[in-house]
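What follows is the residue order along each chain.
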Amino acid sequence: MSKFYLNIVLIAVLNFCISHAQNNDGPEPYGPLPTERQLAWHNMEYYGFIHFNMNTFTNMEWGMGSEKPAQFNPTRLDARQWVKTMKEAGMKGVIITAKHHDGFCLWPSKYTEHSVKNSPWKNGKGDVLKDLSEACAEYGLKMGVYLSPWDRNHADYGKPEYVSYFHNQLRELLTNYGEIFEVWFDGANGGTGYYGGANETRKIDNKTYYQWDKAIEIVRELQPNAVIFGDGGPGVRWVGNEEGWANETNWSLLERNKVYPGYPKYKELLSGHENGTHWVPAECDVSIRPGWYYHPSEDSQVKSLEHLVNIYYESVGRNASLLLNLPVDNRGLIHEKDAAQLKALKQQIDKDFANDVAKGIKVSATNVRGNHSEFVANNVNDGDEKTYWTTDDGVTTASISMSFDKPTEVNRILLQEYIALGQRVYGFTVEAKVDGNWKLIDKQTTIGVKRILRFDSIEASEIRVNITGSKAEPIISNIELYRAPNLLTQPIITRDKKAIVTMEVADKNIIIYYTLDGSEPSENSRKYDTAFKLNKPTTIKAISYNPENAEKTGIREVYFDISKKDWEVLKVSSGNLKDAYRIIDDNLTSSWTSGAKDSPNEVIIDLGKTYLLQGFTYMPIQGRWPFGIISQYEFSTSTDNKTWTIASTGEFSNIKNNPIEQTVKFKTSEARYIKLKGVKIIDDDKRLSVGEIGVFTK
Ligand code: FUL
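What counts, and where the lines are drawn
Residues numbered from 1 in each chain as written. Predicted model: local features only at pLDDT ≥ 70, side-chain atom pairs only at ≥ 80, totals over all residues. Heavy atoms only, no water. Core = buried A, V, L, I, M, F, W, Y, C linked by side-chain atoms within 4.5 Å. Buried < 20%, exposed > 50% of the residue type's maximum accessible area, 1.4 Å probe, protein only. Helix = DSSP H or I, 4+ residues; strand = E, 2+ residues; numbered from the N terminus. Domains from an automatic or database assignment. Contact = heavy atoms within 4.5 Å. Expected span 1.5 Å × (residues − 1). Arc of directions from axis to C-beta. Axes fitted to C-alpha atoms, helices over the stretch in contact; angles between N-to-C directions. Parallel < 35°, antiparallel > 145°, perpendicular 65-115°, else oblique. Left-handed = near helix turned anticlockwise from the far one by under 90°. 1 Å grid on protein atoms, 1.4 Å probe; cavity = no way out; pocket = protein on both sides within 12 Å on 5 of 7 lines; lining within 4 Å. Points joined across faces, edges and corners; volume = space filled by probe spheres on them. Nonpolar A, V, L, I, M, F, W, Y, C, P; charged D, E, K, R; others polar. Phe/Tyr/Trp six-rings, centres within 6.5 Å; stacked < 30°, edge-to-face > 60°. Pairing = 2+ DSSP bridges.

So, about the nonpolar core. Ranked by size, the top nonpolar core spans 77 residues in total, and within it Trp82, Leu129 and Leu324 carry the most contacts. Take this core: its biggest share by element is 7 residues, from helix α6 (residues 160-176). If you count residues domain by domain, this core takes at least three from each of domain 1 (45-352) and domain 2 (362-482). In this structure Leu129 touches Ile96, Ala98, Leu106, Trp107, Met143, Val145, Leu173 and Tyr177, once residues within four positions along its chain are discounted. Among the nonpolar cores identified, the runner-up in size contains 35 residues, and Tyr388, Ile413, Ala460 and Ile476 belong to it.

Structure follows, in structure tokens:
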């Protein structure tokens, strides 16, 4: 071989070695990366929020700041009960409202008198933060603090003096209660407040007033491992809603310098910024009830299992963490109903992810970086989060296939990017090989730290993930596959004004069986498959049944009297008669309200024909901020809309705290016309509101 050719061969060999050596190295990081503390935070995934403070005792969501420490008086406060409940629910940490907008401090801050130290609780010797940090240490949960920058109590709010106070309090919280994993700064700044008695509106500049640089420095100095939450981070960002969901496309990246507390374009936070300059992942904060704080009136409004399961999939399953709020009640305990629902969620999630059928099965990929064993496809199902599958430099589209020994049923896929090297994937599809043919299951955008997709069960011999777009070589550390059981929930039974009955369950694979004759429903009863008409007084009893394991729910029992199909509202003493049909539309979410100043407040309804009445029902307005609820009523009947007989008068006891449907029975009265009068309205409101009125004819 001539020297010339020898040189060429040598160069070629050298090139091959170099390119191989390059490919044997791991991929280069791409774009903004998470810090160590953010990586630790990503592992938290699901943790609890505790809203418990002065508002718990004043039944408020935002106190004015004029409350008195004497009002803070839990009778059975037990932080161990909170933490135990959360631990059993699978949560890894807890964040507490150390100070909310009303300024009251759950710890004996030396910088203010407006704290637990002047409350009757433990004769002023108590410290909720201390109790919580001890309970966290006992159960192995991490603790975080919510410190509201806005303070409606402080006389100096708006002046520089308050900012020093705010920073001093931050120091106290970060010094005295052990390790803190997250510091939560709220973006809300409403303006009005007590402010030491001034009772006025104070405006500040959210961007500059609080001297955020200094506040961040304090956190870094005292708790270097803590992430800071805010609308724009800097460590963790708000997700742009308080409903517990992130967008399907969700980047952990943000143009951070653009976003500040109170950022008006907060809807952008739902997805982050694809070309963000910093790593600022999303946290989904949501309450298990409508309110953040405990209100007895919401005892019947704890979110359903179906709702909570959706929240889980739409937060944790969409590259975000889930911060689920439990409003500790005025005893100082997590309410039994919330605890039960939390447990139900945990049980369902455990069931959904009980058996990873992808574990250890054969995996292959269209490209493996440098054909090197370190980056092989099988790294995605080896149970080791540090190993990953990745591709050659510049290869940004590739497929990875997982094949079963025999066709296997699946309905969930869980995917994870190796985020320590950046978030990369912006397009992927999932396909399943069913009876020898590839079938598209889903087409999605981002993955991030964790992406979970739900789909109808299919029996597949192979599952293939195609990365169709990635900013740089995709790096996938984990893929799991599950056959989650059907979601078994009790049927929801409704009847509309046209007398049509509908029954619904969360999962279409669940079967509903029901009876109309009062007998117990079973798998041998009538099967519900389509809506039906029901005009006469009937009790419906129904169960939900899971055909795959023969599990069934308890019985849901609903009574419907005559339908309201021929009813008409004839008169309302004030307000809009046009809207008054909502009183009799058999829709529990709609309501009617009277004008503001009229009394007596009453409603007259024509039932269309004469019945023998034996009672009536009053459903108060539902929703977050109810008003105009009747506490004392008068119910009259008439056959001619002229002569009226009072059939019943009385009180709806506890309706303020528990605004559920009220039922009143009376001696039989012949009537075609009925009249409900609000003799006394809650909080002496001048308005009257009605969700729904019904009657008993038997
Ligand atoms: C909001 C606050 O105004 C609410 O009261 C609650 O604390 C929620 C978590 O954040 O911005």
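Moving on: helix α9 (residues 336-352). Between the first and last C-alpha of α9 there are 24 Å, a value that for 17 residues agrees with the 24 Å anticipated at 1.5 Å per step. Taken together, the buried positions of α9 are occupied by Asp338, Gln341, Leu342, Ala344, Leu345, Gln348, Ile349 and Asp352. All buried residues of α9 lie within an arc of 160° about the axis, which places them on one face of the element. The elements touched by buried residues of α9 are β1 (46-51), α4 (79-88), α8 (305-315), β12 (320-327), β15 (398-417) and β19 (475-482).

Axis separation between α4 and helix α5 (residues 128-139) bottoms out at 8 Å; the angle between their running directions is 40°. As summarised for this structure, α4 and α5 are arranged oblique, according to the angle between their axes. In the packing of α4 onto α5, the handedness of the crossing is right-handed. Touching Ala79, Arg80, Trp82, Val83, Lys84 and Lys87 of α4 are Val128, Asp131, Leu132, Ala135, Cys136, Glu138 and Tyr139, all from α5.

For the protein, the assigned domains are domain 1 (45-352), domain 2 (362-482), domain 3 (492-560) and domain 4 (568-696). Placing a centre on the C-alpha atoms of domain 2 and another on those of domain 3 gives a separation of 41 Å.

Considered as a void within the structure, the largest pocket measures approximately 1800 Å³ in volume. Taken together, 44 residues form the lining of the largest pocket, with Ile492, Ile493, Thr494, Leu588 and Met619 sitting closest to its centre. Looking at the lining of the largest pocket, the elements with two or more residues in it are α8, α9, β20 (492-495), β27 (556-560), β30 (601-619) and β35 (692-696). Class assignment for the residues of the lining of the largest pocket results in 18 nonpolar, 15 polar and 11 charged.

Moving on to the packing of aromatic side chains. For the coordinates displayed, the defined rule picks out 44 aromatic pairs. Considering the side-chain rings of Tyr162 and Tyr165, the 5.6 Å spacing of their centres and the 45° angle between planes classify their relative orientation as tilted. Taken together, the positions of Tyr162 and Tyr165, both in helix α6 and 3 residues apart, correspond to about one turn of that helix. Summarising the burial analysis for this pair, Tyr162 and Tyr165 share the class buried.

What follows deals with the sheet that holds strand β21 (residues 500-504). With antiparallel pairing, 3 strands are arranged side by side in an open sheet as β20-β21-β24. Two strands bound the open sheet, and with one partner strand each, they are β20 and β24 (532-533). Two elements, β21 and β24, share 2 bridges in a ladder whose sense is antiparallel. Bridge pairing in β24 links Val501 to Phe532.

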